[in-house]
Amino acid sequence: MGWTESGKNTFGAVGLLLFAVLVSCSISYKFNGASIDYTQVKSISISDFPNMAPLVYPPLAQRFTEELKDKYIRQTRLQVLRENGTLDLGGEITAYELTPQAVKEDAYASMTRLTITVRVHYSNRVNPEEDFEQNFSAYREFSNASTIDQVQDELCAEIVKELVDLIYNATVATW
């Protein structure tokens, strides 16, 4: 069986396309989204976020505060301080709520939603027009085949990560 000239061209074009797809899939690009003028902004102070929610999950406040600090340490060159930073971030956890979802015909819920809300106070000493106070919320749902005690740690970790990303984007990722 012989190759025709058009067969060679088709095989070459398919091979080139396949190679381009494979190469493009292996390239990764990381963009942290921070738009900080490091000549003016050198530090950020992050206060502890106390848990003021009516329903309290004890490890949540410390976990949230530490994850928030870690995000700024990993994604920026800002020095993280306890107080008097060029940027100032503080607030409190205001809600830790469990609400039934997907109510079945027997009036029992098959899913429950865990929602965490955080009130954030942000100030920028260089650009005070960027100051804000805002609530951020995130949730995860879980099957009632599990108890909250069984899934709480994992759900809280996911929710905290999402909240930290939202806060980071609202403060220094203005792109």
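Everything quoted here is computed from the prediction, not taken from an experiment. (Residues numbered from 1 in each chain as written. Predicted model: local features only at pLDDT ≥ 70, side-chain atom pairs only at ≥ 80, totals over all residues. Heavy atoms only, no water.)

Caption draft 1: Structural detail: the nonpolar core. Counting residues in hydrophobic clusters, the biggest one holds 38 residues, and the most contacted among them are Phe64, Leu68, Tyr72, Leu89 and Ile116. Mapped by element, the contributors of at least two residues to this core are β1 (43-46), α2 (60-75), β3 (87-103), β4 (109-124), β5 (132-143) and α3 (148-171). Element by element, the count of residues in this core is highest for α3, at 10 residues. Those residues in contact with Ile116 that sit more than four places away from it in its chain are Leu60, Ile93, Ala95, Tyr96, Phe136, Ser137, Ala138, Cys156, Ile159 and Leu163. (Core = buried A, V, L, I, M, F, W, Y, C linked by side-chain atoms within 4.5 Å. Buried < 20%, exposed > 50% of the residue type's maximum accessible area, 1.4 Å probe, protein only. Helix = DSSP H or I, 4+ residues; strand = E, 2+ residues; numbered from the N terminus. Contact = heavy atoms within 4.5 Å.)

Caption draft 2: Representation of the packing of aromatic side chains within the structure. Applying the stated criterion to the full structure yields 5 aromatic pairs. The interplanar angle of 70° and the centroid separation of 5.0 Å between the aromatic rings of Phe49 and Phe64 together place this pair among those described as edge-to-face. With Phe49 in the loop between β1 and α2 and Phe64 in helix α2, this pair connects stretches of sequence that are 15 residues apart. Assigned by exposure class, Phe49 and Phe64 land together as buried. Taken together, the ring pairs connect Tyr122, Phe132 and Phe136 into an aromatic cluster. A cation over an aromatic ring shows up here: Lys71 above the ring of Tyr168, its NZ or CZ 5.1 Å from the ring centre. The ring of Tyr139 carries the charged tip of Arg113 above its face, separated from the ring centre by 3.8 Å. (Phe/Tyr/Trp six-rings, centres within 6.5 Å; stacked < 30°, edge-to-face > 60°. Lys NZ or Arg CZ within 6 Å of the ring centre and 35° of its normal.)

Caption draft 3: Looking closely at the sheet that holds β3. Within the open sheet, the 5 strands sit side by side as β2-β1-β3-β4-β5. Their pairing is mixed. Strands with a single pairing partner mark the edges of an open sheet, and in this sheet they are β2 (79-81) and β5. Going from strand to strand, the sheet's axes swing by 30° on average, the running direction of each strand aside. Sheet analysis places β1 next to β2, joined by 3 bridges and oriented parallel. Looking at the pairing, Ser43 lines up with Gln79 of β2. This element, α3, spans β3, β4 and β5 of the sheet and lies at about 150° to β5. (Pairing = 2+ DSSP bridges. Axes fitted to C-alpha atoms, helices over the stretch in contact; angles between N-to-C directions.)

Caption draft 4: The arrangement of the environment of Glu133 in detail. With respect to the helices, strands and loops of the structure, Glu133 is situated in strand β5. The spatial distance from the C-alpha of Glu133 to the C-alpha of Tyr122 is 6.2 Å, given a sequence separation of 11 residues. Beyond its immediate chain neighbours, meaning those up to four positions away, Glu133 contacts Arg119, Val120 and His121. Side-chain polar atoms of Glu133 contact the side chain of His121, separated by 3.1 Å. (Polar contact = N/O pair within 3.5 Å; in protein donor to acceptor, adjacent residues only side chain to side chain.)

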